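Letter by letter, the chains look like this.
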Amino acid sequence: MTWVEVAVLTGSPQQSTYTYVLPEGMQARPGSAVLVGFGPRRVTGVVWRRTDSGPEFEAKPVLRVLSEQPVVTPLQMRLAEWIADRYLCGLGEAVGLMVPRGIREEGQSAYQLADVALLPATAGERDQAVVEALRDLGIAQLDQIRTWLRARRHHFPPESVLSRLRRTGAVVRIERWRGPSARARTERWLRLVVEPASLEAIATAPQLGEATRAGIRRLTELASGEGAGSAWPAAWLVEQIGAAAVSRLVAAGALARESRGVAQEPSPVHPQVETLRLTPAQSAAADRILAALDHPEPGVYLLHGVTGSGKTEVYFDVIDAVLARGLQTVVLVPEISMTPQTLARLRARYGDSVAVLHSALGESERHGEWLRIRSGEASIVVGARSALLAPVFALGLIIVDEEHEPSYKQDAGVRYHARDVAVELGRLAGVPVVLGSATPDIVTYHRAVTGQYTLLNLPERYLPTPTDGQSQIGDEVGLPHVEVVDLRTELREGNRSVFSVRLRTAVEDALARGEQAILFLNRRGASTFVMCRDCGLVMTCRRCDASLVYHSAQENLVCHLCNRRSPVPRVCPGCGGQRIRYFGIGTQRVESEAREAFPTARIIRYDHDTVRTRSAHEAVYAAFSEHQADILIGTQMIAKGFDYPLVTVVGIICADQSLHLPDFRSSERAFQLFSQVAGRAGRRHRPGLAIIQTYSPDHYAVQAASRHDYEAFATEELGYRQRLRTPPFARLARLFGTDWTERRVAAQAESVASALRLTVDQEGFPDVEILGPAPAFRRRVRGIYSWQVIVRGADPWFGRLLEKMRLPARWQADVDPQSML
Ligand SMILES: [Zn+2]
Ligand SMILES: [Zn+2]
């Protein structure tokens, strides 16, 4: 008899593998996918090893071999073992990250809306959300419904809602639904087929609602200067002018629907560099990495280049060499939709050999890309975290761009850090890992200056040669000049506007020169809290520990944690007083003040309220880079890798929002944010000016950012970290549990902490501390309480303690957390 040890993809987090009998006639080897019984369910597993001696008990048989051909490479199996160890998850959960869903058996049933009239009379918010999801998605699998809900900030598992809706007949389940065989890579667009002037006739037609009329007139504005033939992504246009206006215009023959291949979609590309001619600094960096390609221990390289220093050219030079060896490169970017330029440049240079993995891919598309990667047809794999887990069989190089981005840390499920996993994968595979950033993670930087990694500097801005041939290679563009404005002085001098005198003048000057400005603020909404002037009551969410934010566009109060919306109260619920006032600044308030201060400027606001989809994001990006607007107002979504040549002034409206969070990384995050936002100013030939408005002008993160002095910031920050014993001077794990009843979760937290303290004492682990228990920073969200216990210490003892630890049900561990919030 033959037995196989199987990592069960939906297995327990505690156990590594389960033993099954491999019946006569079935062929399976390490890496094969099999279907096995697991409790009452049939689930997919990956064969880890074969053995000729069985266990004491009678093992169940393998039910079916789903793929004898291994679905994971031996390298991936070793990586999965490391991930399971490091992040305290099951081996099946870790390898599950690498197995495409297409080969799985489970989760194939789908749901469809049958009859909304059969909604239960008691239908609540959750039922409505699920119905809305199905209306939007059509036939949808559980995963798709979950993703849809998450994207709209509904954080509840849809299973029980679905079964309730099925019982009433509102929703039906379709068993073993296989989905469309190959979903086309297309996106829906709308094209204007008439002259904008003729829209007015449609808008004045009788029996139109006011909103529809307004939407049609809005389209007239959007299309003015472009004329017939302009086209927009459908989703974006619907957001801009409303669904009613769109359908009216389609019915009237003014708008035509069309599908566009995503690949053919015009990308927002700047002139391409055809052949690489590197500056001396770029060549030196590339040469160091190239020399490592054939080294048995190639190592990790921190490419520290200021914004605009041309890190991409260095990547390209090294990728060229890896391609010439017939090997594959994995390029990680923080989020595909936020890095359209990197992607466009990779596609322009490497064409079809680029495979892109991103969250917007359907299952079949993902499967297709996965096959191209496994067959070697794709030699460059680009994506967010998941690209790292693709079945690359001839890995030659790993690049992690913007390595400091917190989004590399998965924040649910297996909480792995993609950059750290990349470093381990590089070590296992014996290939160099390049970490690129203008503002490296302090931990990475510390590793580089202490010799664990190699530090490569690109200290100057660099201008790629545009195809117009006007500029010279290696032309340097200065970093923006950064000024710090003390908001305390502004207030003393009676300026209550969100713009300091300096910022206002700078923006006016830029507009007068025909240039653009960006105004940055990290808060959505019109205010940040709403308070009664009479009794001091702050309006808070009923379900969360959060104050409500006033959103002027919809005239309502919104909880930014659970997205619950409520009307603005006329009288105070505490004292019945009528003096309810709004405090604090959000992006909507900046927008309204900007419209007053700069009345002739064309303004776009860019935050989660105005931009929800990838196509909307790209449309705003295109509109601003084509100078269809003068001022862009936005949250941190605008801080990422954008390059707008006409932007010469950037204003950070209130730096203090980022500085004072109770988290060990708040200064680091603030410095990174200031540097990146400031880095948007003055690229190409125009000098840039960044203005940081703050009540804490002497804070070292503000000071260092104003001088572009990363080293000074890092030195100061590392001093603090050493004193406070936070990474890189210790490792951290955040253990947290949740419950409807605070008493229960607090008691659990108490016993988790005391059990850990006991282990530390018994084993005599030196320098391992247990902090807490304490309520989490967000103690209550949607009525659910969280408590936490922090483990702090150095390896190997830190790791050994976590290995011995057993957590109660519904407790989770976040090892190497990105933040303690
Ligand atoms: Zn009151
Ligand atoms: Zn809430």
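Reference entry: report on the structure contained in this document. (Residues numbered from 1 in each chain as written. Chains lettered and ligands numbered in written order. Predicted model: local features only at pLDDT ≥ 70, side-chain atom pairs only at ≥ 80, totals over all residues. Heavy atoms only, no water.)

## Some thoughts on the overall build of the protein chain
Tallying secondary structure elements over the protein chain gives 25 helices and 33 strands in all. Out of the 821 residues in the protein chain, the part that is buried amounts to 53%. When contacts within the protein chain are restricted to residue pairs at least 6 apart in sequence, long-range pairs at least 24 apart make up 74% of them. Working note: accessible area of the protein chain is about 36,000 Å², and carbon and sulfur atoms make up 50% of it. (Helix = DSSP H or I, 4+ residues; strand = E, 2+ residues; numbered from the N terminus. Buried < 20%, exposed > 50% of the residue type's maximum accessible area, 1.4 Å probe, protein only. Contact = heavy atoms within 4.5 Å. Areas by Shrake-Rupley, 256 points an atom, 1.4 Å probe, with all protein chains shown as cover.)

## Things to note about the sheet that holds strand S31 (residues 769-781)
The strand order across the open sheet formed by 4 strands is S31-S32-S30-S33, and the pairing between neighbours is antiparallel. Both edges of this open sheet fall to S31 and strand S33 (811-815), since each of them pairs with a single strand only. Each neighbouring strand pair of the sheet contributes to a mean axis angle of 25 degrees, computed without reference to strand direction. (Pairing = 2+ DSSP bridges. Axes fitted to C-alpha atoms, helices over the stretch in contact; angles between N-to-C directions.)

## So, the coordination of the zinc ion (ligand 1)
In ideal tetrahedral geometry, four donors around a metal make angles of 109.5 degrees, whereas ideal octahedral geometry with six donors gives angles of 90 or 180 degrees. Ligation of the zinc ion (ligand 1) by protein atoms is provided by Cys-532 (SG), Cys-535 (SG), Cys-572 (SG) and Cys-575 (SG), these donors lying 2.3 to 2.4 Å from the ion. Around the zinc ion (ligand 1) sit 4 donor atoms; with metal-centred angles ranging over 104 to 114 degrees, the donor geometry is tetrahedral. We note that the donor set of the zinc ion (ligand 1) lies within a single chain, spaced as C-x2-C-x36-C-x2-C. (Donors = N, O, S within 2.8 Å, 3.2 Å for Na, K, Ca; no water. Tetrahedral: all angles 85-135°; square planar, octahedral: opposite > 155°, others 65-115°.)

## Some details on the pattern of salt bridges
A complete count under the given rule lists 40 salt bridges for this structure. Close ionic contact of Asp-534 with Arg-579 constitutes a salt bridge, the shortest N to O distance being 3.1 Å. Placement of Asp-534 in the loop between strand S21 (529-532) and strand S22 (549-551) and of Arg-579 in the loop between strand S24 (565-567) and strand S25 (580-583) is noted, with a sequence separation of 45 residues between them. Here Arg-579 falls in the partly exposed class, since its relative accessible area comes to 40%. We note a salt bridge from Asp-739 to Arg-810, for which the minimum N-O separation is 3.7 Å. Here Arg-810 lies in the loop between helix H25 (797-804) and S33 and Asp-739 lies in strand S30 (residues 731-739), a separation of 71 residues in the sequence. Salt bridges sharing partners connect three or more residues here, namely Glu-403, Arg-419, Asp-420, Asp-441, Arg-665, Glu-668, Glu-717 and Arg-721. (Salt bridge = Lys/Arg side-chain N within 4 Å of Asp/Glu carboxyl O.)

## Some details on the pairing of strand S27 (residues 631-634)
Here S27 shows two buried faces, one formed by Ile-631 and Ile-633 and the other by Leu-632 and Gly-634. Pairing of strand S20 (residues 516-520) with S27, which is carried by 4 bridges, proceeds in the parallel orientation. Paired with Phe-520 across the two strands is Gly-634, which belongs to S27. Looking at chain direction, strand S26 (residues 603-606) and S27 are connected through 4 bridges and run parallel. Each residue of the ladder has a partner; that of Ile-604, found in S27, is Leu-632.

## Side note on the packing of aromatic side chains
Taken as a whole, this structure holds 10 aromatic pairs when the rule is applied. Judged by centre distance (5.1 Å) and plane angle (80 degrees), the rings of Tyr-18 and Phe-38 are edge-to-face. Taken together, the residues span a long stretch of sequence, with Tyr-18 in strand S2 (residues 18-22) and Phe-38 in strand S3 (residues 33-38) at a distance of 20 residues. One exposure class covers both Tyr-18 and Phe-38, and it is buried. When the centroid spacing of 5.5 Å and the interplanar angle of 55 degrees are considered together, the rings of Phe-499 and Phe-598 count as tilted. Here Phe-499, found in the loop between helix H16 (487-492) and helix H17 (501-512), pairs with Phe-598, found in the loop between helix H18 (587-597) and S26; they are 99 residues apart in sequence, far enough to count as distant. On the accessibility criterion, Phe-499 (3% relative accessible area) is buried. A residue is classified by how much of its surface remains accessible, and Phe-598, at 3% relative accessible area, is buried. Connected via pairs of aromatic rings, a cluster forms that spans Tyr-445, Phe-671, Tyr-700, Tyr-710, Phe-713 and Tyr-720. Looking at Arg-152, its charged tip hangs above the ring of Trp-148, at a distance of 3.9 Å from the centre. Note that Arg-734 overlies the ring of Phe-736, its terminal NZ or CZ placed 4.4 Å from the centroid. (Phe/Tyr/Trp six-rings, centres within 6.5 Å; stacked < 30°, edge-to-face > 60°. Lys NZ or Arg CZ within 6 Å of the ring centre and 35° of its normal.)

## Notes on H25
Listing the buried residues of H25 in full gives Phe-798, Leu-801 and Leu-802. Buried residues along H25 cover an arc of 95 degrees about the axis, so they all sit on one side. Close packing links the buried residues of H25 with S30, helix H24 (742-763), S31, strand S32 (784-793) and S33. (Arc of directions from axis to C-beta.)

## A closer look at the sheet that holds S22
The strand order S22-S23-S24 describes an open sheet built from 3 strands, whose pairing is antiparallel. Edge positions in the sheet fall to S22 and S24, since each has one partner strand and no second. Adjacent strand axes in the sheet meet at a mean angle of 40 degrees when their direction is disregarded. Here S22 pairs with strand S23 (residues 556-558) via 3 bridges, running antiparallel. Each bridged residue has a counterpart across the sheet, and for Tyr-550 the counterpart in S23 is Leu-557.

## Looking at the packing of helix H10 (residues 280-292) against helix H11 (residues 311-324)
Running from N to C, H10 and H11 cross one another at 35 degrees; their axes reach a closest spacing of 9 Å. Every pair of crossing elements has a handedness; the one defined by H10 and H11 is right-handed. Facing Gln-282, Ala-285, Ala-286, Ile-289 and Leu-290 of H10, the residues of H11 in contact are Glu-313, Val-314, Asp-317, Val-318 and Ala-321. (Left-handed = near helix turned anticlockwise from the far one by under 90°.)

## A closer look at the packing of helix H7 (residues 210-223) against helix H9 (residues 243-251)
Helices that pack against each other are described as a pair by the angle of their axes relative to one another and the distance between those axes. Remark: H7 packs on H9, axes separated minimally by 8 Å, with the N-to-C direction vectors making an angle of 70 degrees. Here H7 lies roughly perpendicular to H9, going by the angle between them. The residues of H9 that touch H7, namely those facing Thr-212, Gly-215, Ile-216 and Leu-219, are Ala-244, Ala-245, Arg-248 and Leu-249. Looking at the contact of H7 with H9 residue by residue, the class counts come to 5 nonpolar, 2 polar and 1 charged. (Parallel < 35°, antiparallel > 145°, perpendicular 65-115°, else oblique. Nonpolar A, V, L, I, M, F, W, Y, C, P; charged D, E, K, R; others polar.)

## Brief notes about empty space enclosed by the protein
Here the idea is plain: a probe the size of a water molecule rolls over the atoms and shows the empty space left. On inspection of all chains with the given rule, the structure shows 5 cavities of 30 Å³ or more. Taken as a whole, the second largest cavity encloses approximately 70 Å³ of empty space. Lining the second largest cavity we find Leu-75, Gln-76, Leu-79, Val-330, Leu-388, Ala-390, Val-392, Leu-395 and Leu-425. Take the lining of the second largest cavity: its biggest share by element is 3 residues, from helix H1 (residues 74-87). Here the residues of the lining of the second largest cavity sort into 8 nonpolar, 1 polar and no charged. (1 Å grid on protein atoms, 1.4 Å probe; cavity = no way out; pocket = protein on both sides within 12 Å on 5 of 7 lines; lining within 4 Å. Points joined across faces, edges and corners; volume = space filled by probe spheres on them.)

## Thoughts on the side chain of Arg-782
If you trace the backbone, Arg-782 turns up in the loop between S31 and S32. At 5.6 Å, Glu-125 is the nearest oppositely charged side chain to Arg-782, a buried residue that forms no salt bridge. Contact partners of Arg-782, with chain neighbours within four places excluded, come to Arg-153, His-154, His-155, Arg-543, Cys-544, Leu-561, Cys-562 and Trp-740. (Lys, Arg positive; Asp, Glu negative; His and termini not counted.)

## Quick word on the environment of Pro-687
Along the chain, the position of Pro-687 falls in the loop between helix H21 (666-678) and strand S29 (689-694). Residue classification places Pro-687 among the exposed positions, given a relative accessible area of 71%. Between the C-alpha atom of Pro-687 and that of Thr-648, which follows or precedes it by 39 residues, the distance is 6.5 Å. For Pro-687, the residues in contact, after removing those within four places along its chain, are Thr-648 and Gly-682.

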